[in-house]
Amino acid sequence: MELEGLSKRFGWNWALRDASVRVEAGTTLCLVGPNGAGKTTLLKLVATLLRPSGGDAFVMGHSLSKDPDEIRQRTGFMTVRGFLYDDLSAAENLHFTMRMGGLKPRREVVGRVLERIGLDDVADNRMRTFSTGMRKRLALGQLLVRPIEVALLDEPYSGLDSQGMQLVDEVVSEFKAAGTTVLLASHQDGEAVREAEQTGILRKGRLEILPDSEPLSRHLSVGGPAGAPEVV
Amino acid sequence: MSVLHRAWAIVWKDLLIEARTKQSFNAMVFFAALVLFIFSFALGPDTELLQRVAGGLLWVGIAFTGLLSLSRTYQNEETSGGLEGLRAYPGDPRAIYLGKLLGNIVLLLLVEAVLIPAAGILFQANLWPHAWGLALVSVLGTIGFSLVGTFYSALTVNLRAREVMLPLLLFPALVPVLLGAVNATTLILEGDLMGEAIVWLRVLGAFDIIFFVICIWIFPIALEE
Amino acid sequence: MGPKSVTEKLLGILALGAMLVGSYIGLAVVPADAAQGNVQRLMYVHVPAAWLAFLAFFVVFVMSVLYLIQRDERWDNVAAASAEIGVVFTVVTLLLGMMWGKPTWGVFWTWDPRLTTTAILLAIYVGYGALRSFADDAEKRARWSAIVGVIGFANVPIVYMSVTWWRTLHQPPSSPRSVAPDILWTLMLNLAAFTLVYAYLMVRRIRLAKLEGELEKRMAYNA
């Protein structure tokens, strides 16, 4: 993946300005930075949900502005709230994800994924009854039912207990092993964050890749999921 | 064709949710019934008058009800991440339009299936002999309404003043549909001795075809961010 | 506001001149209509205004299509200018129609095809304008307006046909044959005068839009 001067403006406000970075396939880029710095905007741009106001990005050789659909085909996006329907069950939500991804929904695949994320016993319960942590797990699960080459994770740790966080870390390593490129934005510290090959800090829309030597802890909040203090 | 598959996935999802919660359906039926009742009160016991304007009143009810359901079309998506989530999936975004369109049409037709007989009773108009004609007008009119409605809902979904903009944009666009539907219905109920209703049905049909082509063509542009 | 070009000034003078001449002839020189009396003179303003209301919207349509194809904001500027000017002419048309209607038919409003279509045109214009005011950035504004412009315009002929089938009370469209030559002549003159006014207003408005666009861009890049 290669970002070249990627920029996005909303009205007069530049949410992202001139972001450039190269991410090798199968590696992880971790994005840190204060709220409103542009992490989500960057992820949304790569997910092709937003059109760049300037610059471009290339994912697997496909240009963001020219073949967004090719990129969508290979990308999975785990958003902060998760894209899930309250009145469908966990299994049904995953079925929907598969169909919208152009796949025939297969019960074994859905079952396997539910088991992996620890939701198999509540598979047929409506999402309305789920806790935040369970919803987050399901959101993660949505990335597992489709074959993807790029995984975008926006604050994957938020709302999860330590088991959940461990699950995220495991899934990210599995992604790496499978050669999937991972873009991960996080306030919170975690193994996946620390293991990332590259880390970039976003400040007021500007992306700066941190050199390897810089200690990460300066830029992250330490501590667990519940009400972690904001990043410097 | 994967566009149809994905559109179908959306229709299935929306109707499944609707069947479980019955949110929209109930609200719509109640609201429409309210409208019809008020008209009955306003026009009083003059049966002949009621019968003459039955066609018009019915479609006023349907139009307002349809508007209500349109506002909710994308609201459903809102709690689950908004239209964004649907846009993140691969494939032609027109599948979204098709899916939402079909969902709206089905829902509105279901409401009309309750509403039209109710109107028949309230306005003391005998509907049975005209059942086929009425069904045809109903379908064509509903399609026309939903075509433009679904499109403009998507356009205004993120606007601050959505509740005002949607009717404002929709009103001029719906004039042909409403004219056609009301006139066709009224003529049919009166027995349509001169076969004039067919003209209106043609207007509705033409509108449906023209706007289907236009809306589905332009839809991806409406969805860009 | 920036320097006016020579063309603009020339156009302005021409437009003003034409209006003065047209009005004078229409109000004072040409004899009143045999049947309707002096009220008929309103037609010299009403008809051109109506013509321009629709022409302006046609321009909006063409510009909208061009914008959707080329995404060049210049087309959007023209469209927006035309829409603003078009609204004014539409309102004038409706008001004059009402003023004419009262003495001639006894009512302020009738549901005849042309008046109704004009009223609907007004609604479309208003929708267009309202939508523009809600878009926060230039690109979105242009894109949404273009969409509404296209759909709105596609609607106009359909609305017209529908209402025609529904009612016909308006005077049958006057064809040159049945109208006295000097009346026709005067009408054409006023039509030309109004068109010049439209052109003049457009040129000014587009220039203003360009300046506004520049300002927006500068503010964006400095933010």
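Position numbers for residues start from 1 in each chain and track the written sequence from start to end. Here chains are named by letter from A upward and ligands by number from 1 upward, in the order in which they appear as written. Confidence filtering applies because this is a predicted model: local features only for residues at pLDDT of at least 70, side-chain atom pairs given and counted only at 80 or more, and all residues used for totals across whole chains, interfaces and linings.

> Can you tell me about the overall build of chain B, naming the residues and giving the values?
Starting at the N terminus, helices and strands are each numbered in turn, a helix being any DSSP run of H or I of at least four residues and a strand any DSSP run of E of at least two. A tally of regular secondary structure across chain B gives 9 helices and 0 strands. Ordered by position from N to C terminus, the α and β elements of chain B give α-α-α-α-α-α-α-α-α. For 225 residues, the compact-globule estimate of 2.2 N^0.38 gives 17 Å, and the C-alpha radius of gyration of chain B, at 18 Å, lies within 12% of that figure. Structurally, chain B occupies a C-alpha span of about 55 × 35 × 30 Å along its principal axes. Any residue with 12 or fewer other C-beta atoms within 10 Å of its own C-beta is exposed, any with 20 or more is buried, and the rest are partly exposed; the C-beta atoms used are placed from the backbone. Taken across its 225 residues, chain B has 47% of its residues classed as buried. Contact between residues is assigned whenever the C-beta positions, reconstructed from backbone atoms, fall within 7 Å. Put simply, 82% of the contacts in chain B that link residues at least 6 apart link residues at least 24 apart. Note that the radius of gyration is over C-alpha atoms, with the globule rule given as 2.2 Å times the number of residues to the power 0.38.

> Report on the pairing of strand β10 (residues 206-209) of chain A, specifying residues and quantitative values.
Residue and element names in this part refer to chain A. By the convention used here, strands pair only if DSSP detects at least 2 bridges between them. Note that strand β9 (residues 198-203) and β10 share 4 bridges and pair antiparallel. Among the inter-strand pairings, Gly 200 is bridged to a residue of β10, identified as Ile 209. The antiparallel pairing of β9 with β10 creates a hairpin that spans 2 residues between the two strands, and Lys 204 there sits at a positive phi of about 50°.

> Mind laying out the packing of helix α2 (residues 43-70) of chain C against helix α5 (residues 138-166) of chain C, listing which residues take part and the relevant values?
For any two helices packed against each other, one specifies the crossing angle of their axes together with the interaxial distance. Residue and element names in this part refer to chain C. Axis lines are fitted through C-alpha atoms, for helices just across the contact stretch, and the angle between N-to-C directions can take any value from 0 to 180 degrees. Between α2 and α5, whose axes approach to 8 Å, the crossing angle comes to 130°. Judged on the interaxial angle alone, α5 and α2 are oblique. Handedness of the crossing formed by α2 with α5: left-handed. Only Ala 142, Ser 145, Ala 146, Gly 149, Val 150 and Phe 153 of α5 make contact with α2, whose side of the interface consists of Phe 57, Val 60, Phe 61, Ser 64, Val 65, Tyr 67 and Leu 68. Considering only residue class, the contact of α2 with α5 consists of 10 nonpolar, 3 polar and no charged. For classification purposes, an angle smaller than 35 degrees is called roughly parallel, one larger than 145 roughly antiparallel, one from 65 to 115 roughly perpendicular, and anything else oblique. Left-handed describes a crossing in which the near helix is turned anticlockwise from the far one by less than a right angle; the clockwise case is right-handed. For this classification, Asp, Glu, Lys and Arg are treated as charged, while Ala, Val, Leu, Ile, Met, Phe, Trp, Tyr, Cys and Pro are nonpolar and the rest, including Gly, are polar.

> Explain the interface of chain C and chain B to me, using residue names and the numbers behind them.
Interface size, as often reported, equals the accessible area lost upon joining of the parts. Across the contact, 24 residues belong to chain C and 24 residues belong to chain B. Contributions of two or more residues to the side of chain C that touches chain B are made by α4 (113-134) and α5 of chain C. Of the residues forming the side of chain C that touches chain B, the biggest block, 15 residues, is contributed by α5(C). Classifying every residue of the side of chain C that touches chain B gives 19 nonpolar, 4 polar and 1 charged.

> Which residues make up the interface of chain C and chain A, and what are the values?
At the junction of the two partners, chain C supplies 5 residues and chain A supplies 6 residues. Looking at the side of chain C that touches chain A residue by residue, the class counts come to 3 nonpolar, no polar and 2 charged.

> Got a sec to walk through the environment of B:Ile105? Specific residues and values, please.
All names here are of chain B. Among the secondary structure elements, Ile 105 is positioned in helix α6 (residues 94-122). Considering only alpha carbons, one finds Ile 105 and Val 139, 34 residues apart in sequence, at a separation of 8.4 Å. When residues no more than four places from it in sequence are discounted, the contact partners of Ile 105 are Thr 142, Ile 143 and Ser 146.

> Mind laying out helix α9 (residues 197-223) of chain B, listing which residues take part and the relevant values?
Expected span of a helix, by definition, is 1.5 Å for each gap between consecutive residues, and there is one gap fewer than residues. Taking 1.5 Å of rise per residue, the 27 residues of α9(B) would be expected to cover 39 Å, and the 37 Å separating its terminal C-alpha atoms lies within 8% of that figure. Fitting axes to the seven residues ending at a residue and to the seven starting there, one defines the bend at that residue as the angle between these axes. For α9(B), the principal kink sits at B:Trp217 and spans about 35°; a proline, B:Pro220, occurs within the next four residues. Each element contacted by the buried residues of α9(B) is listed here: α6, α7 (131-156) and α8 (162-189) of chain B together with α5 of chain C.

> How would you summarise the nonpolar core if you had to cite specific residues and measurements?
Only buried Ala, Val, Leu, Ile, Met, Phe, Trp, Tyr and Cys residues enter a nonpolar core, and they are joined through C-beta atoms within 7 Å. Judged by nonpolar contacts, the single largest core of 192 residues is most densely connected at A:Leu152 and A:Leu184. Top element by residues in this core is α2(C). It accounts for 15 residues. In this view, A:Leu152 contacts A:Leu43, A:Val46, A:Ala47, A:Thr75, A:Gly76, A:Phe77, A:Met78 and A:Leu183; residues no more than four positions away in its chain are not counted.

> Pulling in residues and values, what's your account of the packing of helix α1 (residues 2-21) of chain B against α6(B)?
Residues and elements named next belong to chain B. With their axes 8 Å apart at the nearest point, α1 and α6 run at an angle of 40° to one another. Put simply, α1 runs oblique to α6. In this structure, α1 meets α6 at a crossing whose hand is right-handed. Residues Val 3, Arg 6, Ala 7, Ile 10, Val 11, Asp 14, Leu 15 and Glu 18 of α1 lie in contact with α6, whose contacting residues are Arg 94, Ala 95, Ile 96, Leu 98, Gly 99, Lys 100, Leu 102, Gly 103, Val 106 and Leu 107. Here the residues of the contact of α1 with α6 sort into 11 nonpolar, 2 polar and 5 charged.

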